[in-house]
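# Geometric and topological summary
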Amino acid sequence: MSQTITMNDLIEEVKEEVIGWRRYLHMYPELSFQEVKTAQYVYETLKTFGDLEISRPTKTSIMARLKGQQPGKVIALRADMDALPIEEENDFNFVSRNLGVMHACGHDGHTAMLLGAVKILTKLKGQIRGEVRFLFQHAEEQPPGGAQEMVNAGVLEGVESILGAHLVSTLPLGKIGLSYGPMMAGADTFKITVLGKGGHASQPDQTIDPIAIGAQVVTNLQHIVSRYQDAQETSVISVTQFHAGSAINVIPSTVTIGGSVRCFNPDLQKKIPNFIDRIVKGLTEAHGATYQFNYQFGYAPVINDEEVTRVIDETVCEVFGEECRELVKPMMASEDFSAFQKVVPGSYVSIGAGNAEKGIIYPHHHPKFTIDEQALADGTKLLVHGTLKLLNQND
């Protein structure tokens, strides 16, 4: 009990600092792969804590290592730092000072929460057996993503498990969302160009109409979800672009179709481009056209490890109370935390940050997105307690 009281005191002591860090970062957002000043700010802040080995795995990422006085497990914590190309529409006094750039996904809060967790855990160094590795990641918002770059740089060498937390404005303040297994979808993109033969609109028989063919492509792509895959699988194929023609009385020569693919099953993610190619090939051949097909694999699905999630689940119930625990459904949004999970078992947790009474209701990537800053203390507390629980499990 005394340790719990001490921990709560430490979290309370750092609470206002965490809010201050978040507000500073919110005022000075930087886009993916451009987080130069953000990374420097994190680096300088970490240096004030002491007892850390601080390095730069990539140009705009930071890793800090806290080694306990006794041997043990190595646990990693991750926060993303980049912002989005969105013009902010909020009116509080710490709105973005960088034109057209905004922290519209909570990464400012993620970074601040992790800084808070680092400060607390450095004060508990004497109680730590093993090592805690803190990963301040760049470029989550832009594929191929910063997580894979950090993995390639060796940040997970020797790590046994990893924990991440995401502030969620659609989850009420005070709730901690957990998912066993699939938590977020893999996200890919595709571009199809149908190459036909253009001509005058009055003589369609003299053309190979790519618009007519392209319309069939759009319709038939939906058969992948309804007929090509296991009915118990979940996937989404959304056509989001259809570009053709410039004159109203001319049938164009080409049509360009673009879209997004989302699914939770990594094996299905690998099969879908073959399904798309088969459909496009069949339709274009049937009508005497040709095609070009480009498919870009994005982030893999975020799939939470059962055992790591169980430990965090226990932590939530013990620290916050069972009434705060909420099992959340997998979502079709994507996250490059999956790059870490490909290497080591990990769990990605949702921190409730919405508050309808305060008007904090806007979704992520909205120009009026914000969080209830009380959620920062919840996130910091979860990271600290979750880390200690993972370090000491099975002892």
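In this section: the packing of helix H3 (residues 107–123) against helix H9 (residues 374–392). Taken N-terminus to C-terminus, the directions of H3 and H9 make an angle of 50°; their axes are 9 Å apart at the nearest point. One way to sum up the angle between H3 and H9 is to call them oblique. Note that H3 runs across H9; the crossing there is right-handed. Packed against H3, whose contacting residues are Gly 109, Met 113, Leu 114, Gly 116, Ala 117, Ile 120 and Leu 121, the element H9 presents Ala 375, Leu 376, Gly 379, Thr 380, Leu 383, Val 384, Thr 387 and Leu 388 at the interface. Here the contact of H3 with H9 is composed, by residue class, of 10 nonpolar, five polar and no charged.

What follows is about the environment of Gln 203. Within the secondary structure, Gln 203 sits in the loop between strand E9 (199–200) and helix H5 (210–228). The spacing of Gln 203 and Gln 70 is 133 residues in sequence and 82 Å in space, taken between C-alpha atoms.

Bridging between strand E1 (residues 53–55) and strand E2 (residues 62–67) involves three bridges; their strand directions are antiparallel. Bridged to Ile 54 within E2 is Ala 64. With antiparallel pairing between neighbouring strands as the criterion, E1 and E2 make up a hairpin whose turn holds six residues. The pairing of E2 with strand E4 (residues 129–137) spans six bridges and is classified as antiparallel. Note on E4: the bridge partner recorded for Met 63 is Leu 135.

Turning to unusual backbone geometry, a few remarks are in order. Geometrically, the link from Pro 143 to Pro 144 is a cis peptide bond, its omega value of 10° lying close to zero. Mapped onto the elements of the fold, Pro 144 is located in the loop between E4 and helix H4 (146–152). Phi is positive for Phe 33, close to 70°, though the residue is something other than glycine. Tracing the chain through its elements places Phe 33 in the loop between helix H1 (2–27) and helix H2 (36–47). Residue Phe 33 is classed as partly exposed on the basis of its relative accessible area, which comes to 31%. Although it is not a glycine, His 365 adopts a positive phi angle of roughly 70°. One can find His 365 in the loop between strand E16 (346–354) and H9. Looking at His 365, the relative accessible area reads 39%, which means it is partly exposed.

Let us look at the packing of aromatic side chains. Inspection of every chain in the model, using the stated rule, returns nine aromatic pairs. Between Phe 92 and Phe 94, the ring centres sit 4.3 Å apart and the planes meet at 15°, which makes this aromatic pair stacked. Here Phe 92 falls in the partly exposed class, since its relative accessible area comes to 21%. Take Phe 94: its relative accessible area is 7%, and that puts it in the buried class. Across from the ring centre of Tyr 43, 4.9 Å away, lies the NZ or CZ of Arg 56, which sits over that ring.

Below, the discussion takes up the environment of Lys 123. Position of Lys 123 among the secondary structure elements: in helix H3. On a C-alpha basis, the gap between Lys 123 and Asp 51 in space is 9.1 Å, while along the polypeptide they are 72 residues apart. Discounting residues that sit within four places of it in the chain, Lys 123 has contacts with Leu 10 and Glu 13.

As summarised here, the arrangement of the four strands in space is E10-E12-E8-E13, forming an open sheet in which the pairing is antiparallel. Strands with a single pairing partner mark the edges of an open sheet, and in this sheet they are strand E10 (235–244) and strand E13 (290–299). Pairwise comparison of adjacent strand axes, ignoring direction, gives a mean angle of 15° for this sheet. As defined by bridge partners, strand E8 (residues 186–195) adjoins E13 across eight bridges and the pair is classed as antiparallel. The residue bridging Ala 187 from the neighbouring strand is Tyr 299, located in E13. Seen against the sheet, H5 touches E8, E10 and strand E12 (254–263) and runs at an angle of roughly 170° to E10. Where helix H6 (residues 266–286) meets the sheet, its contacts fall on E8, E10, E12 and E13, and the angle it forms with E13 comes to roughly 165°.

On to the nonpolar core, then. Membership of the largest hydrophobic core comes to 61 residues, with the highest contact counts inside it found for Leu 46, Leu 114, Leu 121, Phe 134 and Phe 136. Other than its neighbours up to four places away in sequence, Phe 136 contacts Val 42, Leu 46, Ser 61, Ile 62, Ala 79, Met 81, Thr 111, Leu 114, Leu 115, Val 118 and Met 150. By size, the runner-up hydrophobic cluster in this structure holds 21 residues, among which are Ile 237, Cys 263, Val 280 and Ala 289.

At their nearest, the axes of H5 and H6 sit 9 Å apart, and the two run at 140° to each other. Crossing hand, H5 versus H6: right-handed. Each of Ile 213, Gln 216, Val 217, Asn 220, Leu 221, Ile 224 and Tyr 228 in H5 lies in contact with H6, whose residues at this interface are Phe 275, Ile 276, Arg 278, Ile 279, Val 280, Leu 283 and Thr 284. For the contact of H5 with H6, a count of residues per class yields 10 nonpolar, three polar and one charged.

Now for the sheet that holds E16. The mixed open sheet is built from eight strands, whose spatial order is E1-E2-E4-E3-E5-E16-E6-E15. Unpaired on one side and paired on the other, E1 and strand E15 (325–327) mark the two borders of the sheet. The average angle at which neighbouring strand axes cross in this sheet is 25°, direction not considered. In this structure, strand E6 (residues 176–178) lies alongside E15, joined through three bridges in parallel fashion.

Rules of the game
- Residues numbered from 1 in each chain as written.
- Predicted model: local features only at pLDDT ≥ 70, side-chain atom pairs only at ≥ 80, totals over all residues.
- Heavy atoms only, no water.
- Axes fitted to C-alpha atoms, helices over the stretch in contact; angles between N-to-C directions.
- Helix = DSSP H or I, 4+ residues; strand = E, 2+ residues; numbered from the N terminus.
- Parallel < 35°, antiparallel > 145°, perpendicular 65-115°, else oblique.
- Left-handed = near helix turned anticlockwise from the far one by under 90°.
- Contact = heavy atoms within 4.5 Å.
- Nonpolar A, V, L, I, M, F, W, Y, C, P; charged D, E, K, R; others polar.
- Pairing = 2+ DSSP bridges.
- Buried < 20%, exposed > 50% of the residue type's maximum accessible area, 1.4 Å probe, protein only.
- Phe/Tyr/Trp six-rings, centres within 6.5 Å; stacked < 30°, edge-to-face > 60°.
- Lys NZ or Arg CZ within 6 Å of the ring centre and 35° of its normal.
- Core = buried A, V, L, I, M, F, W, Y, C linked by side-chain atoms within 4.5 Å.

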